[in-house]
Amino acid sequence: MTTLDDLATTPTLLVVSDFDGTLAGFNVDPMNVPVNTTSIAALERLSTMPNTKAAILSGRHLEGLRTVAQVSESVILAGSHGAETNEHITPLTEEQQEAMAQLSVELHKLTEKYPKLWIETKPLHMVVHTRPLEDTNLEAAAAEEARALCPAIMHITEGKHVVEFSAIDVTKGSWITSARDNYGATAVLFIGDDQTDENGFHALGDSATAATVRVNSLDDVADVLTTLATARAHHLGV
């Protein structure tokens, strides 16, 4: 198993973290989540080191991620599970656009039955947030009804209190694989907490749950990133 020392001393390091549940806690208002500033500071520090890349890879759309993460340009931001970056946004076909529009109409009809249900529209995804319902039975019922509305050409991913519908097949795993190749990374650290992150873990060749190490809290994530940043700086002499 790769250790923090292995990561700190590798020739070219790529550090990738999910945002919600790893760098930030949860809130009914997703634009007002508690961000762990210690973790952000560690990523910022890593991103300025030689032969080191630091990225935040999130299901949030890029503009929303940029707003809540509040990081410098040295930290790579990849939204919509990697389909949106500063350099590239995956375009939708006409058929995919039509499927998104159709799904939007049907999902918003659900709010007549579940008034607290929140339907989030992103450039490439639609997300049903069941957390505001505040009742596990209602959440389960709403999620089941939402899943049944999915057009055949779209993909469903379920996470904590969310059902996400994607018009594309870009995943966190495919983005990590591409980034690892593009940057020539000799080692990759990926930190995630939800079902959508499993694709990322699998891309690194692990097995299910594909995460090989668990930490218990956002503070523990901050400790890991801070320890890695300090060890990497010592190894590089910066």
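The text that follows walks through the structure, step by step, so that each part is easy to find. Quantities reported herein were computed from a predicted structural model and do not represent experimental measurements. (Residues numbered from 1 in each chain as written. Predicted model: local features only at pLDDT ≥ 70, side-chain atom pairs only at ≥ 80, totals over all residues. Heavy atoms only, no water.)

**Here's the deal with the environment of glutamate 139**
Here is step 1 of the chain: Within the secondary structure layout, glutamate 139 lies in helix 5 (residues 136-147).
Here is step 2 of the chain: When the C-alpha positions of glutamate 139 and valine 162 are compared, they lie 9.2 Å apart, and in sequence the two are 23 residues distant.
Here is step 3 of the chain: Those residues in contact with glutamate 139 that lie beyond four places of it in its chain are Thr130, Arg131, Leu133 and His161. (Helix = DSSP H or I, 4+ residues; strand = E, 2+ residues; numbered from the N terminus. Contact = heavy atoms within 4.5 Å.)

**Remarks on the packing of helix 2 (residues 37-47) against helix 8 (residues 218-236)**
Here is step 1 of the chain: Contact geometry of helix 2 with helix 8 gives a least axis separation of 8 Å together with a crossing angle of 25°. Taken together, helix 2 and helix 8 sit at an angle that is classed as roughly parallel. Of the two elements, helix 2 crosses helix 8, and the hand of that crossing is left-handed. In this structure, helix 2 uses Thr38, Ser39, Ala42, Leu43, Arg45 and Leu46 to contact helix 8, whose residues at the interface are Leu218, Val221, Ala222, Leu225, Thr226, Leu228, Ala229, Thr230, Arg232 and Ala233.
Here is step 2 of the chain: Split into classes, the residues belonging to the contact of helix 2 with helix 8 amount to ten nonpolar, four polar and two charged. (Axes fitted to C-alpha atoms, helices over the stretch in contact; angles between N-to-C directions. Parallel < 35°, antiparallel > 145°, perpendicular 65-115°, else oblique. Left-handed = near helix turned anticlockwise from the far one by under 90°. Nonpolar A, V, L, I, M, F, W, Y, C, P; charged D, E, K, R; others polar.)

**Remarks on helix 5**
Here is step 1 of the chain: Its twelve residues give helix 5 an end-to-end C-alpha distance of 16 Å, which sits within 8% of 16 Å, the value for a rise of 1.5 Å per residue.
Here is step 2 of the chain: Within helix 5 the residues assigned to the buried category are Glu139, Ala142, Ala143 and Ala146. Burial along helix 5 is one-sided: seen end-on, the buried residues are contained in an arc of 100°. Of the exposed residues in helix 5, those oriented more than 90 degrees away from the buried face are Asn137 and Glu144.
Here is step 3 of the chain: Residues of helix 5 that are buried sit in contact with helix 4 (94-113), strand 6 (125-129) and strand 8 (162-166).
Here is step 4 of the chain: Its side-chain oxygen placed 2.9 Å from the backbone nitrogen of asparagine 137, aspartate 135 serves as the N-cap of helix 5. (Expected span 1.5 Å × (residues − 1). Buried < 20%, exposed > 50% of the residue type's maximum accessible area, 1.4 Å probe, protein only. Arc of directions from axis to C-beta. Polar contact = N/O pair within 3.5 Å; in protein donor to acceptor, adjacent residues only side chain to side chain.)

**Focus: the side chain of glutamate 139**
Here is step 1 of the chain: It turns out glutamate 139 is buried and unbridged, and the closest side chain with the opposite charge, arginine 131, is 7.1 Å from it.
Here is step 2 of the chain: One polar contact links glutamate 139 to threonine 130, side chain to side chain, over a distance of 2.6 Å. (Lys, Arg positive; Asp, Glu negative; His and termini not counted. Salt bridge = Lys/Arg side-chain N within 4 Å of Asp/Glu carboxyl O.)

**Thoughts on the pairing of strand 1 (residues 13-17)**
If a strand is regular, its side chains alternate between the two faces of the sheet.
Here is step 1 of the chain: Burial analysis of strand 1 places five of its five residues in the buried class, which makes it a mostly covered element.
Here is step 2 of the chain: Residues Leu13, Val15 and Ser17 of strand 1 are buried on one face, and the alternating residues Leu14 and Val16, pointing to the opposite face, are buried as well.
Here is step 3 of the chain: Strand direction decides the pairing type here: strand 1 and strand 2 (residues 52-57), joined by five bridges, are parallel. Note on strand 2: the bridge partner recorded for leucine 14 is lysine 53.
Here is step 4 of the chain: This β-α-β element, strand 1 to helix 2 to strand 2, shows right-handed connectivity. (Pairing = 2+ DSSP bridges. Right-handed = clockwise from strand over helix to strand, strands pointing away.)

**Describing the sheet that holds strand 4 (residues 84-85)**
Here is step 1 of the chain: Strand order in the open sheet formed by five strands is 4-3-2-1-9, and the pairing between neighbours is mixed. Looking at which strands have only one partner, the edges of the open sheet turn out to be strand 4 and strand 9 (187-191).
Here is step 2 of the chain: Contacting strand 2, strand 3 (76-79) and strand 4, helix 3 (residues 62-69) crosses the sheet at an angle of about 135° to strand 3.
Here is step 3 of the chain: Its contacts with the sheet place helix 8 against strand 1, strand 2 and strand 9, and it is angled at close to 160° to strand 9.

**A word on the sheet that holds strand 7 (residues 155-159)**
Here is step 1 of the chain: Here four strands make up an open sheet; going across it, the order is 5-6-8-7 and the pairing antiparallel. Two strands bound the open sheet, and with one partner strand each, they are strand 5 (118-121) and strand 7. Neighbour-to-neighbour, the strand axes of this sheet turn through a mean angle of 20°, independent of strand direction.
Here is step 2 of the chain: Strand direction decides the pairing type here: strand 7 and strand 8, joined by five bridges, are antiparallel. Paired with isoleucine 156 across the two strands is phenylalanine 165, which belongs to strand 8.
Here is step 3 of the chain: Packed onto the sheet, helix 4 meets strand 5, strand 6 and strand 8 and runs at close to 10° relative to strand 6.

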